[in-house]
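# Structural features, examined
Chain residues, written in single-letter form:
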Amino acid sequence: GAVVSQHPSWVICKSGTSVKIECRSLDFQATTMFWYRQFPKQSLMLMATSNEGSKATYEQGVEKDKFLINHASLTLSTLTVTSAHPEDSSFYICSARDIQSYEQYFGPGTRLTVT
Amino acid sequence: AQSVTQPDIHITVSEGASLELRCNYSYGATPYLFWYVQSPGQGLQLLLKYFSGDTLVQGIKGFEAEFKRSQSSFNLRKPSVHWSDAAEYFCAVGALGGTYKYIFGTGTRLKVLA
């Protein structure tokens, strides 16, 4: 089946630094990838839609300048949390939509802790 | 507005008992419906999905779900729960075309008693 990987699986960074999270579709191409955020014991909230070769579309309330998204190829999207603060600590999950179907495949998630 | 409601935040069942997790949706077009399971600290695993056709959908791990258009529901069932089924379960509705966005319910946390 289709596999989506995320790297790193967990990261700890200091407040004020930036951290990049990668999302890769390993055995299929994805023109569209999605980034979600999940707080403890809560549901997934869509942050943005990442489109290959174009700007990401952010959901209402998500700061574009804080959460930078790049989708440079059909198999890779990156989320950079800039000037991270403790309130950015969360579980970030990406998904990738297969170019030949409408189904999304989810990555295993990245746990970010900002100290 | 599109939405997914999972009325039960927590459910506790005994091992071997039957299970039904409720999901109701509000969607303007034909819904594409999913159930996912998430173990603590892990990503999402797809249990089953409904796009069209037979309204009773079979999934992995012995789960099934039934799409009822008249009730706007897509409830998940399992006839006999195993201790390993303890996890968080999310219902989601997806768009085919356009944004392809998924909207997730708030989740139901399942606890299984030995």
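That block above? That's the structure.
If you're wondering where the values come from, they're calculated on a predicted model, not measured in any experiment.

Conventions used here
Residues numbered from 1 in each chain as written. Chains lettered and ligands numbered in written order. Predicted model: local features only at pLDDT ≥ 70, side-chain atom pairs only at ≥ 80, totals over all residues. Heavy atoms only, no water. Helix = DSSP H or I, 4+ residues; strand = E, 2+ residues; numbered from the N terminus. Polar contact = N/O pair within 3.5 Å; in protein donor to acceptor, adjacent residues only side chain to side chain. Contact = heavy atoms within 4.5 Å. Buried area = accessible area lost by both parts, 1.4 Å probe. Salt bridge = Lys/Arg side-chain N within 4 Å of Asp/Glu carboxyl O. Disulfide = S-S within 2.5 Å. Phe/Tyr/Trp six-rings, centres within 6.5 Å; stacked < 30°, edge-to-face > 60°. Buried < 20%, exposed > 50% of the residue type's maximum accessible area, 1.4 Å probe, protein only. Core = buried A, V, L, I, M, F, W, Y, C linked by side-chain atoms within 4.5 Å.

### Topic: the side chain of Glu88(B)
Residue and element names in this part refer to chain B.
- Mapped onto the secondary structure, Glu88 falls in strand S10 (residues 87-94).
- Polar contacts involving the side chain of Glu88 include one to the side chain of Arg109, which spans 2.9 Å.
- Among residues more than four places away in sequence, those in contact with Glu88 are Tyr36, Val37, Gln38, Thr106, Gly107, Thr108 and Arg109.

### Concerning the interface of chain B and chain A
- Facing the 19 residues of chain B at the interface are 20 residues of chain A.
- Each partner contributes to the roughly 1600 Å² buried at the junction of chain B and chain A, and carbon and sulfur atoms together form 57% of this total.
- The largest share of the area that chain B buries against chain A comes from Tyr100(B), Lys101(B) and Tyr102(B), three residues that together contribute 31% of it.
- Where chain B packs against chain A, one counts 1 salt bridge.

### Remarks on the state of the cysteines
Residues and elements named next belong to chain A.
- According to the stated counting rule, one finds 2 disulfides over all chains in the structure shown.
- A disulfide bridge connects Cys23 with Cys94, and the sulfur atoms are separated by 2.0 Å. Sign of the S-S torsion, about 80 degrees for the bond between Cys23 and Cys94, identifies this disulfide as right-handed. Linking Cys23 in strand S3 (residues 19-25) with Cys94 in strand S9 (residues 90-97), this pair joins segments that are 71 residues apart in sequence.

### What to know about the packing of aromatic side chains
Residues and elements named next belong to chain B.
- All told, the structure shown has 18 aromatic pairs over all chains when counted by the stated rule.
- Centroid distance Tyr32 to Phe51: 5.4 Å. Interplanar angle 55 degrees. Geometry classified as tilted. Taken together, the residues Tyr32 in strand S5 (residues 32-38) and Phe51 in the loop between strand S6 (44-50) and strand S7 (56-58) connect sequence positions 19 residues apart.
- We classify Tyr32 as buried; its relative accessible area is 15%.
- Residue Phe51 is classed as buried on the basis of its relative accessible area of 14%.

### Brief notes about the pattern of salt bridges
- This model, assessed by the stated rule, comprises 8 salt bridges over all chains.
- Glu22(A) serves as the salt-bridge partner of Arg24(A), at 3.5 Å between the closest nitrogen and oxygen.
- For the salt bridge of Arg109(B) with Glu88(B), the shortest nitrogen-to-oxygen distance reads 2.9 Å. Here Arg109(B) is found in strand S12 (residues 108-113), whereas its partner Glu88(B) is found in strand S10, with 21 residues between them in sequence.
- Classification of Arg109(B) by relative accessible area gives partly exposed; the value is 31%.

### A word on the nonpolar core
- Core analysis: the biggest nonpolar cluster contains 28 residues, and Trp35(B), Leu48(B), Leu76(B) and Tyr89(B) have the highest contact counts within it.
- Secondary-structure elements contributing two or more residues to this core are strand S2 (10-14), strand S3 (19-21), S5, S6, strand S8 (64-68), strand S9 (73-78), S10 and S12 of chain B.
- If one sorts the elements of this core by residue count, S10(B) sits on top with 4 residues.
- For Leu76(B), the residues in contact, after removing those within four places along its chain, are Leu19(B), Glu20(B), Leu21(B), Trp35(B), Leu47(B), Leu48(B), Phe63(B), Glu64(B), Ala65(B) and Tyr89(B).
- Residues Cys23(A), Phe28(A), Met33(A) and Ala48(A) belong to the second largest nonpolar core, which totals 24 residues.

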